[in-house]
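In case you want the letters, here they are:
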Amino acid sequence: MSKVDELTERAEKAREKKAAYGPDIPLESYTSKAPAHEKVQTLKMLPTNYQNQSLGVGVDASEDERSGSFFQLDTSVVYSKTSAPNVEVLSVTEALDKYDWLKDYWWKAVAVDADKYTAQAALEFSNGYFIRAKAGAKTILPIQACMFLAQESLSQNVHNIIIAEKGSELHIITGCRTADELSHGIHVGVSEFFIKEGATCSFTMIHNWGPEVAVRPRSGSIIEKDATFISNYVCLKPVKSLQMYPVFRCVGENATALSYSLLYAADGSHMDVGARVILEAAQCKADVIARTITNGGEIISRGNLTGLHPDVKGHLECRGLLLGDHGRIFAVPELDGAVPGVDMSHEAAVGKIAEEEITYLMTRGLSEDDATSAIVRGFLDIEIKGVPPALQEEMRRAVHTTEGMGL
Amino acid sequence: MLDIQNLHVAVDGKSILKGLDLSINEGETHALFGQNGSGKTTLVLTIMGFPGYRVTEGRILFKKEDITHLPINERARLGIGLSFQHPPAIHGVKLKDLTEIAAQHGNSAFKIEEVAETIHIPPDFLTRDVNLGFSGGEVKRTELLQLLAQNPDLVLLDEPDSGVDLENIALVGETINKLLDRDKRSRERHKAGLIITHAGGILKIVQADKAHVLVDGQIACSGNPGELLNDICELGYEECVKCPR
């Protein structure tokens, strides 16, 4: 049986397989078909409202301060371009045609039969991006990629491959969002990351979905010797149901995985978000940091560190802030040391804003609402090492443009 | 400028201030002495409008306006500023940002970096989370920085010299003098101040016009700051209770 046939067969068997976490989403109520969209020559040729909406998730149609761009509208890749030498940005379909070796990466970091959503991405595949920094290539300006969902009731099933070859440096910002008018849809996104020896990759993902949209990203990464992968995830806008639990495997000596998540659940939002890092070789390191806020929604914040080698170090941190009178944050930090000599720790804290902090800021002239907002923004303002200033700024902007936060 | 009349305040249902009267005129600085638990901090937090400090009787007038039930920020905007004894640390809120906020409602031409340097606050401090990991002395100096930006007409200082090392005590005192117009001739002074001090050390640098001793929620006596301090040092607070003055 060919590899493709084998993958298809495994996916078929997993079609009805419920995910380990999160509410089950009936996929039958969605369609995977959407009319094709024409390619555009520049992002400025996209409808203005799409351009403006993408800006909110860090995707800038002017392409200033960016070294490449990718834009997928529903199931169509309408734009892909890079100005950075030795960095490729292609639709994954195009890349699979171009590179025979790419099939060796296909479903390598994520299991095709993990659940019904990975199966859906395999069987009802609707494109995705391929971003690759060749060996030694270093780009400080980020590549931007946008997954835009505009078709009513669409299941956008994308599969992305990101490869940072040996000694390269790659920074990516991915913005995912739905058109304002869309009321029903689901995004299933498989992303497989391969961070090769000595490479550094930062991946900043900003999500802005609608209150009736379900989201099921499925990510896996393989981090080799002396390589660093920094993953930042920001979701501060309403979403019906978001569940993701990316797995980072540090397989080479001195590999580092850093995961930062900023979540804000408004009333009606359900988020089950976490990160798992498996430390498989000597001197591997991991930080899994989450800041979560509920203003009526429910957040399950998971973290798991698994130490499979004696000489590894990791830290989990989950801080949750409860605003308003209802809403829930359930922090689930897990440490799994399978061998002696691992050094892993966690801290978790969930509570409301201390009144003394609000009154302190009020003595400087801020109203109670403004003081609360300042504290909330400060709570989400985490310093992330290794991320270019432009990306740090995008994260800050996402925080500052979240309306109603703290009120 | 400040006129407190028959002030009764309860905290968590417990009566702390019991009929306190106090007037501070424009240009005057008063010192407030008292044992731990006598109600000194309760008084300044009540003047500032902290919600846990419930005024059960009496009223507070500021610039002739009754502010007894105004929220904190409105009192700040009217011109009352407070230097905390133990301010909270706030993650992610930078000292510079907070000082800018204070300046927006006060001295809009305030040059943060320049002033910070004069009170020995290094530039990297400005980008730190406010009060997080600051030493006692650093807290006091950064509180003063914010007040200089806020430029209040009535300055409330709760133990401004506690935790300040000897090297910086003169600097803190001089800064307070500036805040309170004490560096100007008496007729040019417009600011008013109330300084809570347990040990009175700061008064060697900041010349207060008048002092009061707070005993069990009431002002037990008032007078010359130096003389009162000497009496307290010699005889202890217990004598203030008995003193007929």
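Residues numbered from 1 in each chain as written. Chains lettered and ligands numbered in written order. Predicted model: local features only at pLDDT ≥ 70, side-chain atom pairs only at ≥ 80, totals over all residues.

1. Digging into the overall build of chain B
Part 1 of the argument: Looking only at helices and strands, chain B features nine helices and 10 strands.
Part 2 of the argument: A globule of 245 residues ought to have a C-alpha radius of gyration of about 18 Å, and chain B, at 17 Å, matches this closely.
Part 3 of the argument: When contacts within chain B are restricted to residue pairs at least 6 apart in sequence, long-range pairs at least 24 apart make up 72% of them. (Helix = DSSP H or I, 4+ residues; strand = E, 2+ residues; numbered from the N terminus. Rg over C-alpha atoms; globule rule 2.2 N^0.38 Å. Contact = placed C-beta atoms within 7 Å.)

2. Some remarks on the overall build of chain A
Part 1 of the argument: Looking only at helices and strands, chain A features seven helices and 20 strands.
Part 2 of the argument: Referenced to the eigenvectors of the C-alpha coordinate spread, the extents of chain A come out at roughly 65 × 55 × 45 Å.
Part 3 of the argument: Counting the 407 residues in chain A, one finds 56% classified as buried.
Part 4 of the argument: Partitioning the contacts of chain A with sequence separation of at least 6, the portion at a separation of at least 24 is 83%. (Buried ≥ 20, exposed ≤ 12 C-beta atoms within 10 Å, placed from the backbone.)

3. Some details on the confidence of the model for chain B
Detailed reading of the predicted coordinates is not advisable wherever pLDDT is low.
Part 1 of the argument: Mean pLDDT over chain B: 90, with 98% of residues reaching 70 or higher.
Part 2 of the argument: Two summary scores accompany this predicted model of the complex, namely pTM at 0.84 and ipTM at 0.94. (pLDDT = per-residue confidence, 0-100.)

4. Examining the sheet that holds strand β5 (residues 65–66) of chain B
In any sheet, the strands associate via hydrogen bonds between backbone groups, in a parallel or an antiparallel arrangement.
Part 1 of the argument: Here we have four strands laid out as an open sheet, ordered β2-β1-β4-β5 (chain B), and antiparallel in their pairing. Of all strands in the sheet, those bounded by a partner on one side alone are β2 (14–24) and β5 of chain B. (Pairing = 2+ DSSP bridges.)

5. What about helix α4 (residues 116–123) of chain A?
Residue and element names in this part refer to chain A.
Part 1 of the argument: Among the eight residues of α4, seven are classified as buried, and the element is accordingly described as predominantly covered.
Part 2 of the argument: Of the positions making up α4, those classed as buried are K116, Y117, T118, A119, Q120, A121 and A122.
Part 3 of the argument: In this structure, the buried residues of α4 make contact with α1 (3–13), β6 (155–164), β8 (185–195) and β10 (213–223).

6. Things to note about the packing of helix α6 (residues 136–150) of chain B against helix α7 (residues 166–179) of chain B
Residue and element names in this part refer to chain B.
Part 1 of the argument: Where α6 contacts α7, the two axes come as close as 11 Å, and the packing angle between them is 20 degrees. With respect to α7, the axis of α6 lies roughly parallel. The element α6 and its partner α7 pack so that their crossing is left-handed. Residue-level contacts link G137, K140, R141, L144, L147 and L148 of α6 to N168, V172, T175 and L179 of α7.
Part 2 of the argument: Taken together, the residues that form the contact of α6 with α7 break down as five nonpolar, three polar and two charged. (Axes fitted to C-alpha atoms, helices over the stretch in contact; angles between N-to-C directions. Parallel < 35°, antiparallel > 145°, perpendicular 65-115°, else oblique. Left-handed = near helix turned anticlockwise from the far one by under 90°. Nonpolar A, V, L, I, M, F, W, Y, C, P; charged D, E, K, R; others polar.)

7. Brief notes about the nonpolar core
Part 1 of the argument: One finds C250(A), V277(A) and L156(B) to be the most contacted residues of the largest nonpolar core, which totals 199 residues.
Part 2 of the argument: In terms of residues, this core owes the most to one element, strand β14 (residues 256–266) of chain A, which gives eight residues.
Part 3 of the argument: With sequence-adjacent residues up to four places away left out, C250(A) is seen in contact with I223(A), A255(A), A257(A), V277(A), I278(A), L279(A), E280(A), A281(A), C284(A) and A286(A). (Core = buried A, V, L, I, M, F, W, Y, C linked by C-beta atoms within 7 Å.)

8. What to know about the interface of chain B and chain A
Part 1 of the argument: Taken together, the contacts link 20 residues of chain B with 17 residues of chain A.
Part 2 of the argument: When residues of the side of chain B that touches chain A are traced back to their parent elements, those giving at least two are α2 (72–78), α3 (95–104) and α6 of chain B.

9. Some thoughts on α7(B)
The periodicity of an α-helix, 3.6 residues per turn, causes residues three or four places apart in sequence to face the same way.
Residue and element names in this part refer to chain B.
Part 1 of the argument: The end-to-end C-alpha separation of α7 is 20 Å, in line with the 20 Å expected for 14 residues at 1.5 Å each.
Part 2 of the argument: Every buried residue of α7 is listed here: V172, G173, T175, I176 and L179. Along the axis of α7, the buried positions cluster into a sector of 165 degrees, meaning they face one direction only. Facing away from the buried side of α7 by more than 90 degrees, the exposed set consists of E167 and A170.
Part 3 of the argument: Each element contacted by the buried residues of α7 is listed here: α6 and β7 (154–158).
Part 4 of the argument: A positive phi of about 65 degrees marks D181, the residue just after α7. (Expected span 1.5 Å × (residues − 1). Arc of directions from axis to C-beta.)

10. What to know about the sheet that holds strand β16 (residues 285–295) of chain A
Residue and element names in this part refer to chain A.
Part 1 of the argument: Read across the sheet, 10 strands follow the order β2-β1-β5-β7-β9-β11-β14-β16-β18-β20 without closing on themselves; strand pairing throughout is mixed. Two strands bound the open sheet, and with one partner strand each, they are β2 (76–82) and β20 (343–351). The average angle at which neighbouring strand axes cross in this sheet is 5 degrees, direction not considered.
Part 2 of the argument: Relative to β16, β14 is paired through 11 bridges, and the arrangement is parallel. Its bridge partner being in β16, L263 is matched across the sheet by T292.
Part 3 of the argument: Running at roughly 20 degrees to strand β9 (residues 200–208), helix α7 (residues 389–400) makes contact with β7 (169–178), β9, β11 (228–235) and β14 of the sheet.

11. So, the pairing of strand β8 (residues 192–196) of chain B
Residues and elements named next belong to chain B.
Part 1 of the argument: Among the five residues in β8, five count as buried, and that is most of the element.
Part 2 of the argument: The two faces of β8 match: A192, L194 and I196 on one face and G193 and I195 on the other face are all buried.
Part 3 of the argument: Note that strand β3 (residues 29–34) and β8 share four bridges and pair parallel. Across the sheet, residue L32 finds its bridge partner in β8, namely I196.
Part 4 of the argument: In this sheet, β8 lies alongside β7 in parallel orientation, the contact comprising five bridges. Residue pairing for β8: V155 is matched across the bridge by G193.
Part 5 of the argument: Taken together, β7, α7 and β8 constitute a β-α-β crossover, and its handedness is right-handed. (Right-handed = clockwise from strand over helix to strand, strands pointing away.)

12. Looking at the confidence of the model for chain A
Part 1 of the argument: Scored by pLDDT, chain A comes out at a mean of 91, with 98% of its residues at no less than 70.
Part 2 of the argument: Mean pLDDT values over the elements of chain A span from 74, in α7(A), up to 98, in strand β13 (residues 247–250) of chain A.

13. Some thoughts on the packing of helix α5 (residues 355–362) of chain A against helix α6 (residues 368–380) of chain A
Residues and elements named next belong to chain A.
Part 1 of the argument: Running from N to C, α5 and α6 cross one another at 115 degrees; their axes reach a closest spacing of 9 Å. In this structure, α5 crosses over α6, and the sense of that crossing is right-handed. From α5, E357, I358, L361 and M362 reach across to α6, where they touch E368, A371, T372, A374 and I375.
Part 2 of the argument: Residue composition of the contact of α5 with α6, grouped by class: six nonpolar, one polar and two charged.

14. Observations concerning unusual backbone geometry
Part 1 of the argument: The residue E65(A) is not glycine, and still its phi comes out positive at about 60 degrees.
Part 2 of the argument: Counting through the fold element by element, E65(A) comes out in the loop between α2 (48–55) and β1 (68–73).
Part 3 of the argument: Non-glycine residue N131(B) carries a positive phi angle of around 65 degrees.
Part 4 of the argument: Owing to 21 C-beta atoms within 10 Å, N131(B) belongs among the buried residues under this scheme.

15. Quick notes on the environment of G39(B)
Residue and element names in this part refer to chain B.
Part 1 of the argument: Structurally, G39 is set in the loop between β3 and α1 (40–48).
Part 2 of the argument: A C-alpha to C-alpha distance of 7.1 Å links G39 and L214, two positions 175 residues apart in sequence.
Part 3 of the argument: If we ignore the near neighbours within four places in the chain, the residues touching G39 are I16, L17, G34, L214 and G217.

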